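Coordinates in review
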Amino acid sequence: MKKLLGVFILIMVMTIPAISSASLFNDLRNDPNYIYLGHIGTGTGLFLDKTSINVHEYNPPYYTIACVNLWWAYPDPRKDELLKTRVHRYRYDYAKKKIYFEKHDINNNPYWDELNPKEFLKMESSQAFLVEPELVFYLAYNISFYDKPLSPKAKAYINSAEKSVY
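Keep in mind that this is a model prediction, so the values were computed, not measured. Once a new chain begins, its residue numbering starts again from 1 and follows that chain's sequence as written. Whole-chain, interface and lining totals are the exception, using all residues; otherwise, since this is a predicted model, local features are given only for residues with pLDDT of at least 70 and side-chain atom pairs are given and counted only at 80 or more. To obtain the side-chain values, all non-hydrogen atoms of the structure were included, while hydrogens and water were left out.

**Considerations on the overall build of the protein chain**
Numbering of helices and strands runs from the N terminus, with a helix taken as a DSSP run of H or I at least four residues long and a strand as a DSSP run of E at least two residues long. The number of helices and strands found in the protein chain is 4 helices and 6 strands. Each helix and strand of the protein chain, placed in order from N terminus to C terminus, yields the pattern α-β-β-β-β-β-β-α-α-α. Buried positions account for 33% of the 166 residues belonging to the protein chain. By definition in these notes, contact holds between two residues if any of their heavy atoms fall within 4.5 Å. Pairs at least 24 apart in sequence give 45% of the contacts found in the protein chain among residues at least 6 apart. The classification of residues rests on relative accessible area computed with a 1.4 Å probe and restricted to protein chains. Under 20% of the type maximum is buried, over 50% is exposed, and intermediate values are partly exposed.

Laid out in structure tokens, this is it:
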């Protein structure tokens, strides 16, 4: 009986982190300030914090916007979730319909790299990185950057946002 009770307690202790991780994930998905952008690998989800969107440059047709995103990872069911935040900055050329994202070299010097939508649309796990700059622009200015949203998740979010206004 003691062994059975010990095994039961061990199983309960091992599942508590899994329950808390799933709970956090669901809390983020249900919070209107966070948009679930999709997964970026096995057990990793990306969220956009809508309240963090900050316009750094407004000089039409050039725009620079920063945002914070959350990385939620669930690498091992016996461990707590890993949650980290990152600041992403995007530069938009509305006339050419090009988006650039800020990267850093070995010496941590920033530079701009072009986001190629065709490359991001090839793999489902990388589409979250295409959705984010589209939604950041839409949330900052209430217009789609491209004539039509390229990513299905951006299209779905924009459609639901427009329906909720009316």
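**Concerning the pattern of salt bridges**
The salt bridge definition used is simple: a Lys or Arg side-chain nitrogen within 4 Å of an Asp or Glu carboxyl oxygen. Per the counting criterion, the structure on display carries 3 salt bridges. Measuring nitrogen to oxygen at the nearest pair gives 3.2 Å for the salt bridge that ties Glu-102 to Arg-89. Taken together, the residues Glu-102 in strand β5 (residues 98-104) and Arg-89 in strand β4 (residues 82-93) connect sequence positions 13 residues apart. On the basis of relative accessible area, Glu-102 is assigned to the partly exposed category, the value being 23%.

**Some points on the environment of Lys-118**
Within the secondary structure, Lys-118 is located in helix α2 (residues 117-122). Taking the C-alpha atoms as reference, Lys-118 lies 9.6 Å from Leu-130; in sequence the two are 12 residues apart.

**Details of unusual backbone geometry**
Leaving glycine aside, a negative phi is the common case for residues, and trans is the common case for peptide bonds. Following Pro-60, the chain continues to Pro-61 via a peptide bond in cis, the omega torsion being 5°. You can see Pro-61 is positioned in the loop between β2 (44-59) and β3 (62-73). The backbone of Lys-97 shows a phi angle near 55°, a positive value even though the residue is not glycine. The residue Lys-97 is located in the loop between β4 and β5 in this model. Within the chain, Asn-142 stands out as a residue other than glycine whose phi angle is a positive 65°. We classify Asn-142 as exposed; its relative accessible area is 56%.

Honestly, it's all geometry; don't read function into it.
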